[in-house]
Amino acid sequence: MHTSRTDSALVLEDGRIFRGRAFGAVGSSLGEVVFCTAMTGYQETLTDPSYRGQIVVQTAPQIGNTGWNDEDDESARIQVAGYVVRDPARMPSNWRSQRGLEQELARQGVVGVTDVDTRSLTRHIRARGPMRAGVVSGDELTDADEMVARLVAASPVPGARLVDQVSTPRPYVMPAVGERRFRVAAVDLGIKVNTLRTMAAHGLETHVLPASCALDDVLAVEPDGVFLSNGPGDPAELTGAIGLARQLLAHRIPLFGICFGHQVLGLALGRETYKMDYGHRGINVPVVDSVTGRVAITAQNHGFAVCGEPGERFDSDVGRVVVSHHCPNDGTVEGLRCASVPAFSVQFHPEAAAGPHDAMTTFAEFVALMDGAR
């Protein structure tokens, strides 16, 4: 139950301040402020490694109704730097709930703020673009001018090496459910638990490797295919993973990337990436298949994107590549497919929990790619 009456505020680097009450831990935290349009699945959002270092604003006004359980986490802990909501549930009501959302935020030391006009805040972010922000409460809360000065004087939000904070420190194996069909080496750039569950359900034995792994580490697994996972930060700074992807393309090992992994593959194919105005974060983003014209509603979480145009075809060191998917809202590249080597990627999350599952067939395409390479 929400009982805190401590004053709190979200302070933006452009000087705008949104005041409210403390939600979760009391203290201060710095990050990049972003908004998520999902109306459900807040537990998966909070524990998604792709949100590392970000202060997440929920556009849906009522958050916390289903509480918190020990089964739906996408990683070992809450990853966000801070949390902003309008109207938190005073009492969770769900048969799977084991405790309340605020209780879990406090337990893990995550600073949040509630009673904020999140509609106005979201419009402000859309108009001004990405920026640094701080959530401040309790003894950390001082006058507005001092808070803004502290924020502007602080070091920039880390972005280049956030992957190092979320990747596994040592290899481990997720066994297949039932009979093993293929063995996959997954480069962990911030992999989600449900990705591994989905691959296991498709008969894939997944060997999860640290983001710092080299080609020899991947080949030692003797994989039928390689997976590049989602993750946080600026993909252009991850030179090791980009180089590894180039080597894998040269070896013609079936390769599949999701989200951050999609961006890494794009960079390996010679494209550039750019910082989006405010990104795609939610579970209601439409994506068009450039070949079939079919539209899928997808889950997404990214602030960077691969340069390109819908349906574009371009040449790379490994042959022709097509922009296989795009977002009709803004033309963002949502998928790449190589014509001469067994490699493809998607910007969205086909394995999404709590949904949608329109694009789940992407995993079957990966299986078919490995089957065809045998």
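Preceding this section is the structure that the text describes.
Residues numbered from 1 in each chain as written. Predicted model: local features only at pLDDT ≥ 70, side-chain atom pairs only at ≥ 80, totals over all residues. Heavy atoms only, no water.

Asks: Where do I start with the overall build of the protein in this structure?
Replies: Check the secondary structure of the protein and you find ten helices and 20 strands. For 374 residues, the compact-globule estimate of 2.2 N^0.38 gives 21 Å, and the protein sits close to it at 21 Å. If one aligns the C-alpha atoms of the protein with their principal axes, the spans along those axes are about 65 × 40 × 40 Å. When burial is assessed residue by residue, the protein has 57% of its 374 residues classed as buried. For the protein, contacts bridging at least 24 residues in sequence account for 73% of all contacts bridging at least 6. For the protein, the exposed area adds up to about 15,400 Å²; of that, 47% sits on carbon and sulfur atoms. Positive and negative charge centroids in the protein, built from 34 and 44 side chains respectively, lie 2 Å apart. (Helix = DSSP H or I, 4+ residues; strand = E, 2+ residues; numbered from the N terminus. Rg over C-alpha atoms; globule rule 2.2 N^0.38 Å. Buried < 20%, exposed > 50% of the residue type's maximum accessible area, 1.4 Å probe, protein only. Contact = heavy atoms within 4.5 Å. Areas by Shrake-Rupley, 256 points an atom, 1.4 Å probe, with all protein chains shown as cover. Lys, Arg positive; Asp, Glu negative; His and termini not counted. Charge placed at Lys NZ, Arg CZ, Asp CG, Glu CD.)

Asks: I would appreciate a short explanation of the pairing of strand β14 (residues 255–258) in the present structure.
Replies: The side chains of a regular strand alternate between the sheet's two faces. Of the two faces of β14, the one carrying L255 and G257 and the one carrying F256 and I258 are both buried. Pairing of strand β13 (residues 225–228) with β14 involves three bridges; the strand directions are parallel. Of the residues in β14, the one forming a bridge with L228 is G257. In this view, the connection linking β13 to its parallel neighbour β14 by way of helix α8 (residues 239–251) has right-handed handedness. (Pairing = 2+ DSSP bridges. Right-handed = clockwise from strand over helix to strand, strands pointing away.)

Asks: I'm lost on the side chain of S324 in this one. Help?
Replies: Within the fold, S324 resides in strand β18 (residues 319–326). What makes S324 buried here is its relative accessible area of 5%. A polar side-chain atom of S324 sits 3.4 Å from the main-chain amide nitrogen of L336. (Polar contact = N/O pair within 3.5 Å; in protein donor to acceptor, adjacent residues only side chain to side chain.)

Asks: So what exactly am I meant to see when it comes to the pattern of salt bridges here?
Replies: When the charged atoms of two side chains lie near each other, side chains of opposite charge can form a pair. Counted by the stated rule, this structure contains 14 salt bridges. A salt bridge links E312 to R271; the shortest N-O distance between them is 2.8 Å. Linking E312 in the loop between β16 (295–306) and β17 (313–316) with R271 in the loop between α9 (260–268) and β15 (273–289), this pair joins segments that are 41 residues apart in sequence. For the salt bridge of D315 with R320, the shortest nitrogen-to-oxygen distance reads 2.8 Å. Exposure remark for D315: the relative accessible area of 58% places this residue in the exposed category. (Salt bridge = Lys/Arg side-chain N within 4 Å of Asp/Glu carboxyl O.)

Asks: Looking at this structure, how should I read α8?
Replies: It helps to recall that an α-helix has 3.6 residues per turn; residues three or four apart then point in one direction. Its 13 residues give α8 an end-to-end C-alpha distance of 19 Å, which sits within 8% of 18 Å, the value for a rise of 1.5 Å per residue. Within α8 the residues assigned to the buried category are A241, I242, L244, A245, L248 and L249. Down the axis of α8, the smallest arc covering the buried residues is 160°, so these residues share one side. Turned more than 90 degrees off the buried face of α8, the exposed positions are T239 and A250. Against β11 (182–188), α7 (215–220), β13, β14, α9 and β20 (343–346) lie the buried residues of α8. Looking one or two residues beyond α8, the residue adopting positive phi is R252, at roughly 60°. (Expected span 1.5 Å × (residues − 1). Arc of directions from axis to C-beta.)

Asks: Would you mind showing me how to read helix α6 (residues 193–201) here?
Replies: Of the positions making up α6, those classed as buried are N194, T195, L196, T198, M199 and A200. Where the residues of α6 are buried, they touch β10 (172–174), β12 (204–210), β13 and α10 (361–373). Positive phi shows up at G203, right after α6, with a value of about 80°.

Asks: In this structure, what is going on with the pairing of strand β2 (residues 17–24)? I would like to understand it.
Replies: Among the eight residues of β2, six are classified as buried, and the element is accordingly described as predominantly covered. Pairing of strand β1 (residues 7–12) with β2 involves five bridges; the strand directions are antiparallel. If you follow D7 over to β2, its bridge partner there is R21. Counting the residues that bridge the hairpin from β1 to β2 gives four residues, and of these G15 lies at a positive phi of roughly 100°. Of the pairings in the sheet, the one linking β2 to strand β8 (residues 111–114) comprises four bridges and is antiparallel in character. Across the sheet, the residue bridging to G24 is V111, located in β8.

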